[in-house]
Amino acid sequence: YLSSGVYLGGTGSGNKLDDYEEGTWTPVINGRSFGAALGSYTKVGRLVTVYYDCNTMSGGNITNPDLHGLPFTASNSMTGNYGGYMMIHEPAGINVTSGFTYVYFRVIKNTGTAQMLQGGGTGSTVSHNGGVVMSNGNNFRGMGQYYTDA
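Residues numbered from 1 in each chain as written. Predicted model: local features only at pLDDT ≥ 70, side-chain atom pairs only at ≥ 80, totals over all residues. Heavy atoms only, no water.

Section: the overall build of the protein chain
- Along the backbone of the protein chain there are 0 helices and 14 strands.
- Along the protein chain, helices (α) and strands (β) appear in the sequence β-β-β-β-β-β-β-β-β-β-β-β-β-β when read from the amino end.
- Residues classed as buried in the protein chain amount to 34% of the 150 residues present. (Helix = DSSP H or I, 4+ residues; strand = E, 2+ residues; numbered from the N terminus. Buried < 20%, exposed > 50% of the residue type's maximum accessible area, 1.4 Å probe, protein only.)

Observations regarding the sheet that holds strand S9 (residues 94-95)
- Ordered in space as S6-S13-S9, the 3 strands form an open sheet in which the pairing is antiparallel. Either end of the sheet is taken by a strand with one partner, and the two such strands are strand S6 (62-63) and S9.
- The pairing of S9 with strand S13 (residues 133-134) spans 2 bridges and is antiparallel. Of the residues in S13, the one forming a bridge with Asn95 is Val133. (Pairing = 2+ DSSP bridges.)

Focus on the environment of Arg141
- Within the secondary structure, Arg141 is located in strand S14 (residues 140-147).
- With 28 residues separating them along the chain, Arg141 and Thr113 place their C-alpha atoms 16 Å apart.
- Excluding residues within four positions of it along the chain, Arg141 makes contact with Tyr52, Asp53, Cys54, Asn55, Ile88, His89 and Glu90.
- Of the polar contacts made by the side chain of Arg141, one reaches the side chain of Asp53; its length is 3.0 Å. (Contact = heavy atoms within 4.5 Å. Polar contact = N/O pair within 3.5 Å; in protein donor to acceptor, adjacent residues only side chain to side chain.)

Focus on the nonpolar core
- Residues Met86, Phe105, Met134 and Phe140 are the most contacted members of the largest nonpolar core, which totals 26 residues.
- Mapped by element, the contributors of at least two residues to this core are strand S4 (33-44), strand S5 (47-58), strand S8 (84-88), strand S10 (102-107), strand S11 (113-122) and S14.
- Top element by residues in this core is S5. It accounts for 5 residues.
- The contact partners of Phe140, leaving out residues within four places of it in the chain, are Ile29, Phe34, Tyr52, Asp53, Cys54, Leu67, Ile88, Glu90, Ile94, Phe105 and Met134. (Core = buried A, V, L, I, M, F, W, Y, C linked by side-chain atoms within 4.5 Å.)

Structural notes on the pattern of salt bridges
- Tallying each qualifying case throughout the model produces 4 salt bridges.
- For Asp19, the salt bridge goes to Lys43, with nearest N and O atoms at 2.2 Å. Of this pair, Asp19 sits in the loop between strand S2 (16-17) and strand S3 (20-25) while Lys43 sits in strand S4, and the two are 24 residues apart along the sequence.
- In this structure, the salt-bridge partner of Arg141 is Glu90, at a minimum N-O distance of 2.8 Å. Remark: Glu90 occurs in the loop between S8 and S9 and Arg141 occurs in strand S14; sequence separation between them is 51 residues. (Salt bridge = Lys/Arg side-chain N within 4 Å of Asp/Glu carboxyl O.)

Observations concerning unusual backbone geometry
- The backbone of Asn64 sits at a positive phi, close to 55°, despite the residue not being glycine.
- Along the polypeptide, Asn64 turns up in the loop between S6 and strand S7 (66-68).
- Take Asn64: its relative accessible area is 39%, and that puts it in the partly exposed class.
- A positive phi angle, near 60°, is found at Asn110, a position not held by glycine.
- Within the fold, Asn110 resides in the loop between S10 and S11.
- On the basis of relative accessibility, which here comes to 47%, the residue Asn110 falls in the partly exposed class.

What about the packing of aromatic side chains?
- Summed over all chains, the structure comprises 8 aromatic pairs.
- Judged by centre distance (6.0 Å) and plane angle (35°), the ring pair of Tyr102 and Tyr104 falls under tilted.
- Exposure remark for Tyr102: the relative accessible area of 31% places this residue in the partly exposed category.
- On the basis of relative accessible area, Tyr104 is assigned to the buried category, the value being 5%.
- Sitting over the ring of Phe72, Lys43 keeps its end group 5.4 Å from the ring centre.
- Residue placement shows Arg106 over the ring face of Tyr82; its charged tip is 3.9 Å from the ring centre. (Phe/Tyr/Trp six-rings, centres within 6.5 Å; stacked < 30°, edge-to-face > 60°. Lys NZ or Arg CZ within 6 Å of the ring centre and 35° of its normal.)

Dropping the structure here:
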C-alpha cells in the first residue's frame, strides 16, 4: 500500500502514479434488457480500460444503439474529438450496411456514453457512420479505452 503514490521513471510530478482503481460497471442500452450485462474496468491515472459482455438482448431490434453507464465520465479536455474507442470483438447479431466491415463504440466527450458506429472502406477511403442494426436476442462483447478527468 502506497498512500502517497509511487514515482515511475523519475521524480517529477508527471512521473507520479497516485491513482489506480479496479471495479465493475453495468452496460446499458436504453429500452433494451439483457440476460446478462457485465462489465469491469481498470483505471490508471486518467486512462480507463473497460471490458463488457452483453448477452441475449431483448426488447426488439434497435438502430444506432448507444451504450450507457460507463464507469467514469469521458474527458472533455482531450485535444481529439472523442474520449476514446471501444472495439466490439464478438458482434453476434449486429448488421452493418453494405460496404462497411466492422462495428465499434466511440466514446462521447464529457459523458458516460459510447455511440455504436460502423466503419470500413478501402485504401484512403474509410468511412464511419450510423445505420448499425442490433438484432433482438443477440450478443456483443469487447473492450476499449478512454480518458477521464476524474
